[in-house]
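# Structure at a glance
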Amino acid sequence: MKKYSKLIIAAIIALIFIGTFVFLWQKSQPKETVYNEFTPTTDSIQKTTIITGKIEPRNEVNVKPQISGIIAELMKEPGQYVQAGEVIAKVKVIPDMGQLSSAESRVRLATLNLKQAQVDFQREENLHNQQLVSDDEFEKVRQQLRQATEEKAAAEDAYQIVREGVSKSNAKASSTLIRSTISGVILDIPVKVGNSVILANTFNDGTTIATVANMNDLIFRGNIDETEVGQLVIGMPMKITIGALQDLQFDATLEYISPKATESNGANQFEIKAAVQLASLKQEKDGKPVVLAHSSTLRSGYSANAEIVLARADNVLTVPESAIEFSGDTTFVYIIKGEGNDKTYERKQVTTGLSDGVNIEIKKGIGAKDKVRGPEIISDDSKDE
């Protein structure tokens, strides 16, 4: 019994050894190299680039006060639409004590002059009625009374403006009422009731009460690398995609290319601007484009990508770029000759043109009926090795 057991074990070991030897021998045998095969096709190729940037209004204005003081009331909120001249906020004036004292003194002096002018007029009027003075003399005294009356009114207006920032005569045009200088949407109101504000002067830009912009006139602003800026031309069309609204795409027209580069992360970048065509605003619905009636979904500062076609070639002979062999400034392809086991490959020089990164234009060297060898097909077994 023990003898048969030993024979069985020896047979199993022999089978394992023979199987391993056969497997290793098969793996060591050279395998036939198989390549992808392509037929040139007539197609259109375009080279595009993606420019990152943001959407912003063309005309954005900071509304600032014409007088220093404290915010007494805010009439508007961010997001609201205002017309040019509409009141946004009201400022309470803190009078300067020196100016206030001077204005009070002017009022007192004007009051004294007016009283004296009235006395002179009464005396001159009595004499004139008795025909003791000429008409010319009487008119001079009357003119002095008018001037004194006007001077007192002006002094009182000046006093009210210094004390309150507004007078009865200019209440509608008061500098204490902060008005929007353009029609548009209020993007931001960075102040609150009680905040101190100052007017713009030689040494200070002044306090911004509100930022107003026309959201119906938007632009795309971005930067393009110096290697591609030379291919841009004013008036080129662009496709804009909003980062926060992936299904929203609209057209734009390039209108500005900066003549000066700015350095960013070691690379020279040129600023570009494109006019956004809001009438072309499109959104996909049930697989069909729908033109939006307004641009209320757009907000200032949205991140966006602009796709622009740098070059285009229509109805040209193309092959996959993976089939091209690059050798210095020269390009080659391998033409397939024969069929089956008689298949051979002929290396042939070609002249290439535009490439989109996947396919490349063939200008000269092969025809539409030629078959081109592509890269080697890697089998799963090769990957395991």
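## Concerning the overall build of the chain
Scanning the chain from N- to C-terminus turns up five helices and 23 strands. Out of the 385 residues belonging to the chain, those deemed buried represent 29%. The long-range fraction of contacts in the chain, counting pairs at least 24 apart against all pairs at least 6 apart in sequence, stands at 71%. In the structure as shown, the chain presents an accessible area of about 24600 Å², 51% of it carried by carbon and sulfur atoms.

## Some remarks on the pattern of salt bridges
In total, this model carries 13 salt bridges according to the counting rule given. Across the pair arginine 347 and glutamate 325 runs a salt bridge whose closest N-O atoms are separated by 2.6 Å. Within this pair, whereas arginine 347 is found in strand 21 (residues 344-355), its partner glutamate 325 is found in strand 19 (residues 325-327), the two being separated by 22 residues in sequence. Sharing partners across several salt bridges, the network here consists of Glu56, Arg221 and Glu271.

## Brief notes about the sheet that holds strand 7 (residues 177-179)
The four strands are arranged 7-6-4-9 in an open sheet whose pairing can be described as antiparallel. Two strands lie at the open edges of the sheet, namely strand 7 and strand 9 (196-197), each paired on one side alone. When strand 4 (residues 69-74) meets strand 6 (residues 87-92), the two strands line up antiparallel, connected through four bridges. Bridge pairing links isoleucine 71 to valine 91 in strand 6.

## Describing unusual backbone geometry
The phi dihedral of asparagine 265 falls on the positive side, at around 55 degrees, and the residue is not glycine. Within the secondary structure, asparagine 265 sits in the loop between strand 14 (262-264) and strand 15 (267-276). Phi is positive for asparagine 315, which is not a glycine, with a value near 55 degrees. Among the structural elements, asparagine 315 can be located in strand 18 (residues 303-320).

## Describing the packing of aromatic side chains
For the structure shown, the criterion picks out zero aromatic pairs. Above the plane of the ring of tyrosine 334 lies arginine 373, whose end atom (NZ or CZ) is 4.1 Å from the centre.

## Considerations on the sheet that holds strand 3 (residues 60-63)
Strand order across the open sheet formed by four strands is 3-10-8-5, with antiparallel pairing between neighbours. Strand pairing shows two members of the sheet lacking a second neighbour, strand 3 and strand 5 (81-82), which therefore form its edges. Two strands pair when backbone bridges link them, and strand 5 and strand 8 (residues 184-188) are joined in this way by two bridges, in the antiparallel orientation. In the sheet register, tyrosine 81 faces strand 8, and the bridge partner there is valine 185.

Calculation notes
Residues numbered from 1 in each chain as written. Predicted model: local features only at pLDDT ≥ 70, side-chain atom pairs only at ≥ 80, totals over all residues. Heavy atoms only, no water. Helix = DSSP H or I, 4+ residues; strand = E, 2+ residues; numbered from the N terminus. Buried < 20%, exposed > 50% of the residue type's maximum accessible area, 1.4 Å probe, protein only. Contact = heavy atoms within 4.5 Å. Areas by Shrake-Rupley, 256 points an atom, 1.4 Å probe, with all protein chains shown as cover. Salt bridge = Lys/Arg side-chain N within 4 Å of Asp/Glu carboxyl O. Pairing = 2+ DSSP bridges. Phe/Tyr/Trp six-rings, centres within 6.5 Å; stacked < 30°, edge-to-face > 60°. Lys NZ or Arg CZ within 6 Å of the ring centre and 35° of its normal.

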